[in-house]
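So you can see what is in the structure, the chains are spelled out below.
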Amino acid sequence: MRTRPLSALRKAIARPAAPAASLKPRTRTGAALAGVLVIGMAGSLAMHQAPLPAAASGGTCSPTITTTPFGTTIEPYTGKPAQVFQYTLTNCTGMQVKILNYGGIVQSIAVPDRHGHAADVVLGFQTLNEYVSQDSPPPPAPGGPYFGETIGRYGNRIAKGTFTLDGNTYTLPINNNGNSLHGGFVGFGNHVWAPTVVQGNGTVGVQLKLVSPDGDDGANVGCSCTGYPGTLTMFVTYTLDSSSQLRIHYTATVAGKATVLNPTNHSYFNLAGESSGDVYAQKVMINADSYTPTDKTQIPTGVIAPVKGTPFDFTTPQTIGSRINESDPQLLIGQGYDHNWVLNRAGLQTGQLGLAARAWDPASGRELTVWTTEPGVQFYSGNFLTGSIVGISGHTYRQSAGYTFETQHYPDSPNHPNFPSTVLRPGQQFDSTTIFRFSTF
Ligand code: GAL
């Protein structure tokens, strides 16, 4: 396990911040916060206040950000080399996050345990070359793990890589068992995004911009398919505050034609540390009474099924491993958990943050709370990690080395009129926020 004493992180805090190119973080503040009833780890009911407004904490210490060159790679849109940077966000409680403008990737999140010892709690790679060649390489390479990536245009699967919108049929790269997964051959995760450092209101962060052209992931990636319609201008902004909240804010507009959009972040968490082995003893709660079962190719059947009485019931905290090997047909399809949960959002407006999930590591005392404006979350227990990948600290990742909470609209929504819509039209503004908050117990 990679651990660092808190003193090392405190030293890092003293480093000067990079000059701020913009003082205005693109984040939402307290307006959308709500008190929500959740069930605590011990199973007792407790009133849990939703994420803290950044300005409400921090005292005299302010988070810092540093910028480090991380190498160059060929940008697929231009075919030319582009510079990649690593942004290191450090707050005053010993949390440190590293973001890359390649793929909008969260490379590492170091957080203290209950004794103040920090460990990196997300799976990642050490070098740019590994991200380029292994994270989500285009065919003929096998599908990658998508560690930490910003996924798009469409998070998770679109059945047979086709959908119709406004009377037009669109076709997408087939890259997963007859379906299109996570945007196609290139997606958002293999592009070099334009970065801007953002600071203010007790937060530091980086805003990343990508312009995805009309027909993206079609002919421009060698696919004999139409690709996604419309020119999409996409921003993702990562900010860290002194309440140990990593906030991810997505905004987008489309020009020319309507499109479908379902971005998410694909970080794999392991609260015991990214090199600590399997996560089966960690506990998870998902704030969902139902989920969307799939066919054998992992496309939702369209049914919204209750979780009660199944291994998918995480309404009270359960260890990940306690039911994962049951013979439930859905667990067999996913080779573990790899499903979309339909979040309980009664009483919440569209765009309001609601509790999605929580996770606890009993050994280290680290706790993660996930808030989102999205209606669903893909809880994926790292089932397809086969031991072929060596991670950021030299440890080989095997099955269930980490788990994702991919906040999202439901998979294959463009082909399911009964699911919340993922259509974005010219003149509309896409706006979505997810918060990963770390604490100890
Ligand atoms: C998940 C998806 C899994 C797998 C993984 C990446 O979002 O649901 O089936 O493809 O990404 O390996």
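See the structure printed just above.
Residues numbered from 1 in each chain as written. Predicted model: local features only at pLDDT ≥ 70, side-chain atom pairs only at ≥ 80, totals over all residues.

J.: Describe the site of the ligand, listing the residues and the values that go with them.
T.: Taken together, Pro145, Tyr146, Asn156, Leu181, Gln298, Asp338, Gln378, Tyr380, Phe384 and Glu406 make up the full set of residues near the ligand. In terms of residue class, the shell around the ligand is built from 5 nonpolar, 3 polar and 2 charged. (Near = placed C-beta within 6 Å. Nonpolar A, V, L, I, M, F, W, Y, C, P; charged D, E, K, R; others polar.)

J.: Pulling in residues and values, what's your account of the sheet that holds strand E20 (residues 268-269)?
T.: The strand order E20-E31-E28-E25-E22-E23 describes an open sheet built from 6 strands, whose pairing is antiparallel. The open sheet terminates on both sides in strands that have one partner only, identified here as E20 and strand E23 (305-306). As paired elements, E20 and strand E31 (residues 403-408) share 2 bridges and run antiparallel to each other. Paired with Tyr268 across the strands is Thr404, a residue of E31. (Pairing = 2+ DSSP bridges. Helix = DSSP H or I, 4+ residues; strand = E, 2+ residues; numbered from the N terminus.)

J.: An account of the nonpolar core is requested, with residue identities and associated values reported.
T.: Within the largest apolar cluster, 98 residues are counted, with the highest numbers of intra-cluster contacts made by Ile286 and Ala357. Beyond its immediate stretch of four places on either side in the chain, Ile286 contacts Phe314, Trp341, Ala357, Val377 and Phe379. (Core = buried A, V, L, I, M, F, W, Y, C linked by C-beta atoms within 7 Å. Buried ≥ 20, exposed ≤ 12 C-beta atoms within 10 Å, placed from the backbone. Contact = placed C-beta atoms within 7 Å.)

J.: Just give me the short version of the sheet that holds strand E21 (residues 283-286), but keep the residues and values in it.
T.: One open sheet accounts for 9 strands, arranged E14-E15-E16-E17-E33-E27-E26-E21-E24; its pairing is antiparallel. Edge positions in the open sheet fall to strand E14 (194-200) and strand E24 (318-319), since each of these has one partner strand only. As defined by bridge partners, strand E17 (residues 245-255) adjoins strand E33 (residues 430-440) across 8 bridges and the pair is classed as antiparallel. Bridged to His249 within E33 is Thr433.

J.: Account for the pairing of strand E27 (residues 366-372), with residues named and values stated.
T.: With respect to burial, E27 is a largely interior element, 6 of its 7 residues being buried. As paired strands, strand E26 (residues 354-360) and E27 are joined by 6 bridges and run antiparallel to one another. Each residue of the ladder has a partner; that of Ala359, found in E27, is Leu368. Adjacent in sequence and paired antiparallel, E26 and E27 are bridged by 5 residues, among which Gly365 carries a positive phi angle near 80°. Bridge count between E27 and E33: 7 bridges; the pairing is antiparallel. Paired with Leu368 across the two strands is Phe438, which belongs to E33.

All quantities given are derived from atomic positions and should not be read as evidence of function.
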